[in-house]
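Residues per chain, in single letters:
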Amino acid sequence: MPTKSETGGFDSKGFIAQLTERPGVYRMMDDAGEVLYVGKARNLKKRVASYFRKTGLAPKTQAMVDKICGIQITITGSETEALLLEQNLIKALRPPYNILLRDDKSYPYIYLSSHQDYPSLTFRRGRTRKGGGVWFGPFPSSGAVKESLNTLQKLFRIRSCSESFFRNRTRPCLQYQIKRCTAPCVELVSPAEYQEDIRHARMFLEGKNPAILRDLMAAMEKAAAELAFEKAAVLRDQINHLRHVQEQQSMEGGSADADVLGVAQEAGVVCVVVINVRGGRVLGTKDYFPRFTLEQTPPELLAAFLGQYYLGGSSQREVPPDILVPTEIPAQDVLRDALVASAGKDVQVRSNVRGERRRWLELAATNARQTLLSRLASKETVYRRLLALRELLDLAEVPKRMECFDISHSQGENTVASCVVFDENGPLKADYRLYNIEGITGGDDYAAMKQVLTRRFKRVASGEGKRPDLVFIDGGKGQLNIASQVLAELGLTDIVLIGVAKGVTRKAGMEQLVDAQTGVVFRVPPESPALHLIQHIRDESHRFAISGHRARRDKKRRQSSLEGIEGVGPKRRRDLIRYFGGLQDIRKASVDEIAKVQGISRNLAETIYAALHNE
């Protein structure tokens, strides 16, 4: 959880700067660690930022914001998943600033009755075992279910009346007159015809066959071609409603009990996130930052963490039947036997899972990554590392502006240089710059480095650009010598220049630093906060350079956001647009929804999702 700033308040600016724009749930905490409020967002960055604007907040909201000392987030696959998780957390935590409704005991379902010839399709809240029949759900909101049932009645004309009303009819009701029912109560439709309508509706609700959707899309395109735009718009709305109601939820999965672990590691820090799933519902997440040594691999670290998490301490935690980990861990069978002995029941520790459990693992990994970024960006962490860096490099004062340069290309083509900037608050993304490198021999990193540094520091020498206190060059002595020459030619020899080269093993923590002024090559202990800051700056420069290179490479062949995605040709682009109705709706879709399009595998859906969200 993010810490307070040096002035005593929550560092909202630094926290929001690193927040993702993906959907998810946020929990606002007070100084005692208690949850004040739970909310959901389609875009976490925009939603959380709205609480910290200078004007326009209601008095009650402002009073809550004044109490905020930290915010925890959980990223989800879609906004609908965020809604379900939000409701689970509100019921479990009962935050004081949330409205607690009395009817929040169960989710809405669609119920297909067990009538042999003419079953009904109705709205139900809460699932029971009485009466047989088939249940579809749970779904995100009662409004969506009711509206979709209304649409289903328009499409398939299936009855929605009670059994007693159905048995006592002697003539068709109003639903038949307005073409919402085929009047099975007086047998104006044969059981075979009615069952065909039921089959179509059930097929679609179960998501087993997109045939109905394809028919509707074909009808919509035909109406548009005939210039019947009002009819086409109605069909478009029907498609959207039907797609929404059959949406499967990654946050609901049968009756499973499991703990799901995700791990992220960067710049000398490790974050482990544990997602608790009970009764098939994700109840919440908790993050940990265990200490580790350079020699520990992620699987070894995870094995040590699991032992302490479930078996260490005076009070042992509840051990669920399933513990899902992102990778196999050493002595996994031994750990499992110990957990079985401790819990007194069968326990499985697994990594090779599919379906819902695989999606839980992906969510855990995403949340671990985001939480780690929040930790690295916190003011307390950055300031402590800056002090260590000043001591390591024997600087007169803490550097107020640091820049790092890196080069990226594909076999010498589309060369791009990056410049990332850090200040006392961490990454200063507004000052990040990308430079397209032209007029050099392909693959000549020295020439590329000389060009970008000349372009950048010419402005500094003329008094136009901001002057850094410290410059890092991602590379060895060759790149560093080029940088020294450029700064010397421009009369900027007072800027401290450090090269960051990978060691012989090319392993994190084994970096070699080169001082441009003395030529001394030295290593820093892997646990040093100063090294962790340098790694963070170097990794960010590398990431930004690669993303800029990919954008430049893809720009030449991209006419829309879908073009340039590997595996998505003209036919699949057309199928995606037809299924979702437009690029904006594709961006809103989760991986699972994209994978429902004919011809789109789950792996390809993940690629499309990542490309559209710049991951």
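Per-chain numbering applies: the sequence of each chain, read as written, is numbered from 1 onward. This being a predicted model, a pLDDT of at least 70 is required before a residue's local features are given, and a value of 80 or more before pairs of side-chain atoms are given or counted; all residues contribute to the totals for chains, interfaces and linings. Here the side-chain values reflect all heavy atoms present in the structure, with hydrogen atoms and water set aside.

This part covers the overall build of the protein. Each helix and strand counted, the protein has 21 helices and 19 strands in total. Put simply, the protein has 615 residues, and 47% of those count as buried. Roughly 30400 Å² of accessible area belongs to the protein as shown, and the carbon and sulfur atoms make up 48% of that amount. Numbering of helices and strands starts at the N terminus; helices are DSSP runs of H or I of at least 4 residues and strands are runs of E of at least 2. We call a residue buried when its accessible area falls under 20% of the maximum for its residue type, exposed when it is over 50%, and partly exposed in between, using a 1.4 Å probe and counting protein chains only. Using a 1.4 Å probe, the Shrake-Rupley method yields the accessible areas, and only the shown protein chains count as cover for residues.

Time to look at the sheet that holds strand β6 (residues 134-136). Hydrogen bonding along the main chain pairs the strands of a sheet, whether they run parallel or antiparallel. Should DSSP find at least two bridges between two strands, the strands are regarded as paired. With respect to topology, 3 strands assemble into an open sheet ordered β5-β4-β6, the strand pairing being antiparallel. Either end of the sheet is taken by a strand with one partner, and the two such strands are β5 (121-125) and β6. This sheet shows a mean twist of 35 degrees between the axes of neighbouring strands, independent of strand direction. Every axis in this analysis is a line fitted to C-alpha atoms, fitted for helices over the stretch in contact. Angles between the N-to-C directions lie between 0 and 180 degrees.

Moving on to the state of the cysteines. Pairs of cysteine sulfur atoms within 2.5 Å are what we label disulfides. Under the criterion given, the structure shown has 0 disulfides. C419 carries a free sulfur, and the closest cysteine sulfur to it, the one in C404, is 8.4 Å from it. Note on C419: relative accessible area 2%, which makes it buried.

Bringing the environment of K60 into the picture now. Mapped onto the elements of the fold, K60 is located in helix α3 (residues 59-67). Exposure remark for K60: the relative accessible area of 53% places this residue in the exposed category.

Moving on to the pattern of salt bridges. The salt bridge criterion pairs a side-chain nitrogen of Lys or Arg with a carboxyl oxygen of Asp or Glu, the two atoms within 4 Å. Scanning the model with the defined rule gives 21 salt bridges in all. Among the salt bridges present, the one from D431 reaches K466, with a minimum N-O distance of 3.3 Å. Remark: K466 occurs in the loop between α15 (445-461) and β16 (470-474) and D431 occurs in the loop between β14 (426-427) and β15 (433-436); sequence separation between them is 35 residues. With its nearest N and O atoms 3.8 Å apart, the salt bridge here joins R459 to E464.

Our next topic: the packing of aromatic side chains. For Phe, Tyr and Trp, rings pair up if their centres lie within 6.5 Å, where Trp contributes its six-membered ring, and each pair is then called stacked (planes under 30 degrees apart), edge-to-face (over 60) or tilted (otherwise). By the definition in use, this model includes 13 aromatic pairs. Among the aromatic residues, those joined into a cluster by ring pairs are Y288, F305, Y309 and Y310. In this analysis the charged atom, NZ for Lys or CZ for Arg, is taken to sit over a ring once it is within 6 Å of the ring centre and within 35 degrees of the ring normal. The ring of F166 is capped by R159, whose NZ or CZ atom sits 4.1 Å from the centre of that ring. Directly above the ring of F457 sits R456, whose terminal nitrogen or CZ lies 5.3 Å from the centroid.

A word on unusual backbone geometry. For R94, which is not glycine, the phi torsion reads 45 degrees and is therefore positive. Here R94 lies in the loop between α4 (79-93) and β4 (108-112).

Positionally, T74 belongs in strand β3 (residues 70-75). Its relative accessible area of 2% is what places T74 among the buried residues.

The next subject is the nonpolar core. Core analysis: the largest hydrophobic core is formed by 25 residues, its most contacted members being L562, L576, F580, I594, I600 and I608. Secondary-structure elements contributing two or more residues to this core are α9 (211-225), α10 (229-245), α18 (570-580), α20 (591-594) and α21 (602-612). For this analysis, residues touch if any pair of their heavy atoms sits within 4.5 Å. Each residue touching L576, except ones within four places of it in the same chain, is listed here: L562, V568, G581, I586, I594, V597, I600 and I608. Here, the term nonpolar core denotes a set of buried Ala, Val, Leu, Ile, Met, Phe, Trp, Tyr and Cys residues that are joined through side-chain atoms within 4.5 Å.

This part covers the pairing of strand β7 (residues 258-266). Within β7, 7 of the 9 residues are buried, which leaves the element mostly enclosed by the surrounding structure. Inspection of the sheet shows β7 paired to strand β8 (residues 269-278) by 9 bridges, in the antiparallel sense. Bridge pairing in β8 places G262 opposite V273.

Per-residue confidence for the protein gives a mean pLDDT of 81; residues scoring 70 or more make up 84%. Every residue in residues 100-105 is under pLDDT 50, and counting partners more than four places away or in other chains gives 5 contacts. Counting interchain partners and residues more than four positions distant, the pLDDT-below-50 stretch residues 248-252 has 27 contacts. pLDDT is a per-residue confidence score from the predictor, ranging from 0 to 100.

Reading across from one edge, β2-β1-β3 is the order of the 3 strands in this open sheet, with antiparallel pairing throughout. A strand with exactly one partner marks an edge of an open sheet, and here the two such strands are β2 (35-41) and β3. Sheet twist, expressed as the mean angle between neighbouring strand axes with direction ignored, is 20 degrees. Bridge count for strand β1 (residues 24-29) against β3 is 6 bridges, and the pairing is antiparallel. Its bridge partner being in β3, M28 is matched across the sheet by I71.

So, about the packing of helix α11 (residues 298-311) against helix α12 (residues 332-343). It is at 11 Å that the axes of α11 and α12 come closest, and there the two elements cross at 5 degrees. The orientation of α11 with respect to α12, classified from their angle, is roughly parallel. Facing α11, whose interface residues are L306, G307, Y310 and L311, α12 presents L335, A338, L339 and S342. For the contact of α11 with α12, a count of residues per class yields 6 nonpolar, 2 polar and no charged. Our angle categories are set so that under 35 degrees counts as roughly parallel, over 145 as roughly antiparallel, 65 to 115 as roughly perpendicular, and the remainder as oblique. Residues are grouped as follows: Ala, Val, Leu, Ile, Met, Phe, Trp, Tyr, Cys and Pro are nonpolar; Asp, Glu, Lys and Arg are charged; all remaining types, including Gly, are polar.

When two helices pack together, their arrangement is captured by the angle between the axes and the distance separating the axes. The geometry of α15 relative to helix α16 (residues 477-489) is characterised by a closest axis approach of 9 Å and an angle of 30 degrees between their N-to-C directions. As far as their axial angle goes, α16 and α15 are roughly parallel. As α15 runs across α16, the sense of the crossing is right-handed. Where α15 approaches α16, its residues Y446, M449, K450, L453, T454 and F457 are matched on the opposing element by G478, Q479, I482, A483, V486 and L487. A breakdown of the residues in the contact of α15 with α16 according to their chemical character gives 8 nonpolar, 3 polar and 1 charged. Helix crossings are classified by the rotation of the near helix relative to the far one: an anticlockwise turn of less than a right angle makes the crossing left-handed, while a clockwise turn makes it right-handed.

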